[in-house]
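Fold and geometry: a report
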Amino acid sequence: MSKLMPENIFTPAAPAIDSLVYARRKACECLFKNILNEKGTQVLVYGDSAIGKTSFVLTELRYYSINHVRIQCTSKMTWDQISQEILRKLKEGISKRKVATDSVASEASVNLYIAKGKLGGKAIEQIETALGGHMGSIAHIADILSKKEMNLVIDDFEKIKSSHTKTSIANLAKNLSDTAKSKDSPRVIVIGISDTADDLIEGDLSIAARLHPLNLPRMETHEMTKILRQGFDKLQ
């Protein structure tokens, strides 16, 4: 068995979902579970930087065996890019559909996100018409998440600058809330750095009305000490 190195134990730059020293937060875990037990609720997890927000969410989803896809946002990310990334990660396409277009033979199989990026004009319009809607639209993404029973984790939400992108995420959350059939229906879980939920959503009422806030506080000294002791014990 190879010797463990400190970087195998302590992972401050990456989520600690597989970490040997992950610290559980019982109070927050209980609140998170209560939120998930409510039909149609969408979640906003916020707090300071580097306190384990992503690790917390991904660990809880894994613990309860909740299917999910995670999207990491950047400052220049648009809704179109987010929707294409969702489709790519879910491997959702039209690979089994035969669609006749000016650019694609009638017997060809075209992957959805490849078609979206490489085809244009009349060709892409014909594909969208054949599918019965706009590829990557809010309704389309909501429908796919529902059919696949897949939750959507939007990470680094604070990096998004476009109000249109934020509003699109809020509308997706509303769509999933309105169509939820049970507490296990797909939902949006937003993760972001902020002191308050209002600061993160910048007073956008369309988002605030659809996301249940959960503040993840910084760890207490005894909790951090426990992590260090566990980690160093495993290095010996």
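Keep in mind that this is a model prediction, so the values were computed, not measured. Counting from 1, residues in each chain are numbered in the order their sequence is written. Local features are withheld for residues below a pLDDT of 70 in this predicted model, meaning they are given only at 70 or higher, and side-chain atom pairs are given and counted only at 80 or more; totals for whole chains, interfaces and linings count all residues. Each side-chain value is worked out from all heavy atoms of the structure, with water and hydrogens disregarded.

**A word on the packing of aromatic side chains**
Applied cut-off: Two aromatic rings, drawn from Phe, Tyr or Trp (for Trp, its six-membered ring), form a pair once their centres lie within 6.5 Å of each other, and the interplanar angle then sorts them: stacked below 30 degrees, edge-to-face above 60, tilted otherwise. A run of H or I in DSSP counts as a helix once it spans at least four residues, and a run of E counts as a strand once it spans at least two, with each numbered from the N terminus. Think of it in three bands: residues with accessible area under 20% of the maximum for their type are buried, residues over 50% are exposed, and the middle band is partly exposed, with areas taken using a 1.4 Å probe on protein chains only. Any Lys NZ or Arg CZ found within 6 Å of a ring centre and within 35 degrees of that ring's normal is scored as a charge over the ring.
According to the stated counting rule, one finds two aromatic pairs in the structure shown. Centroid distance Phe-32 to Phe-56: 5.5 Å. Interplanar angle 70°. Geometry classified as edge-to-face. Highlighted residues: Phe-32 in helix H2 (residues 26-36) and Phe-56 in helix H3 (residues 53-63), separated in sequence by 24 residues. You'll find Phe-32 and Phe-56 in the same group, each marked buried. An angle of 85° between the planes, with centres 5.0 Å apart, marks the rings of Tyr-63 and Tyr-64 as edge-to-face. Residue Tyr-63 is classed as exposed on the basis of its relative accessible area of 53%. Over the face of the ring belonging to Tyr-64 we find Lys-33, whose NZ or CZ atom lies 4.1 Å from the ring centre.

**A few points about the sheet that holds strand E2 (residues 68-72)**
The line we're drawing: Here, a strand pair is defined by DSSP locating no fewer than two bridges between the strands. Think of each axis as a best-fit line through the C-alpha atoms, taken over the contacting stretch in the case of a helix, with angles from 0 to 180 degrees between the N-to-C directions.
Spatially, E2-E5-E6-E1-E7 is the arrangement adopted by the five strands of the open sheet, whose pairing is parallel. Each edge of the open sheet carries a strand with a single partner, namely E2 and strand E7 (212-215). For this sheet, the mean inter-axis angle between neighbouring strands, taken without regard to orientation, is 20°. Across three bridges, the pairing between strand E5 (residues 151-155) and strand E6 (residues 188-193) is parallel. Its bridge partner being in E6, Leu-152 is matched across the sheet by Val-188.

**Notes on the pattern of salt bridges**
Selection criterion: Each reported salt bridge corresponds to a side-chain nitrogen of Lys or Arg within 4 Å of a carboxyl oxygen of Asp or Glu.
Throughout the structure, instances matching the rule amount to seven salt bridges. Ionic pairing is found between Lys-174 and Asp-178, a salt bridge with its closest N-O pair at 2.7 Å. With Lys-174 and Asp-178 both in helix H8 (residues 163-179), this residue pair falls four residues apart, about one helical turn. A salt bridge links Lys-183 to Asp-184, with the shortest nitrogen-to-oxygen separation between them at 3.3 Å. By relative accessible area, Lys-183 is classed as partly exposed at 35%.

**Digging into the pairing of strand E1 (residues 43-47)**
Burial analysis of E1 places five of its five residues in the buried class, which makes it a mostly covered element. The alternating pattern of E1 places Val-43, Val-45 and Gly-47 on one face and Leu-44 and Tyr-46 on the opposite face, and all of these are buried. With five bridges joining them, E1 and E6 adopt parallel strand pairing. Along E6, the bridge assignment pairs Val-43 with Ile-189.

**So, the packing of helix H4 (residues 79-89) against helix H7 (residues 138-148)**
The criterion, for reference: Oblique is the label for any angle not covered by the other classes, which are roughly parallel (under 35 degrees), roughly antiparallel (over 145) and roughly perpendicular (65 to 115). By the definition used in this description, the sense in which the near helix is turned from the far one sets the handedness, with an anticlockwise turn below a right angle giving left-handed and a clockwise turn giving right-handed. We call two residues contacting when some pair of their heavy atoms lies within 4.5 Å. Ten residue types, Ala, Val, Leu, Ile, Met, Phe, Trp, Tyr, Cys and Pro, are classed as nonpolar, four, Asp, Glu, Lys and Arg, as charged, and the remainder, Gly among them, as polar.
Orientation of H4 relative to H7, taken along the N-to-C sense of each, is 25°, at an axis distance of 11 Å. Looking at the two axes, H4 sits roughly parallel to H7. The handedness of the crossing between H4 and H7 is left-handed. Contacts between H4 and H7 pair Trp-79, Ser-83, Ile-86 and Leu-87 from the former with Ile-138, His-140, Ile-141 and Ile-144 from the latter. Residue composition of the contact of H4 with H7, grouped by class: six nonpolar, two polar and no charged.

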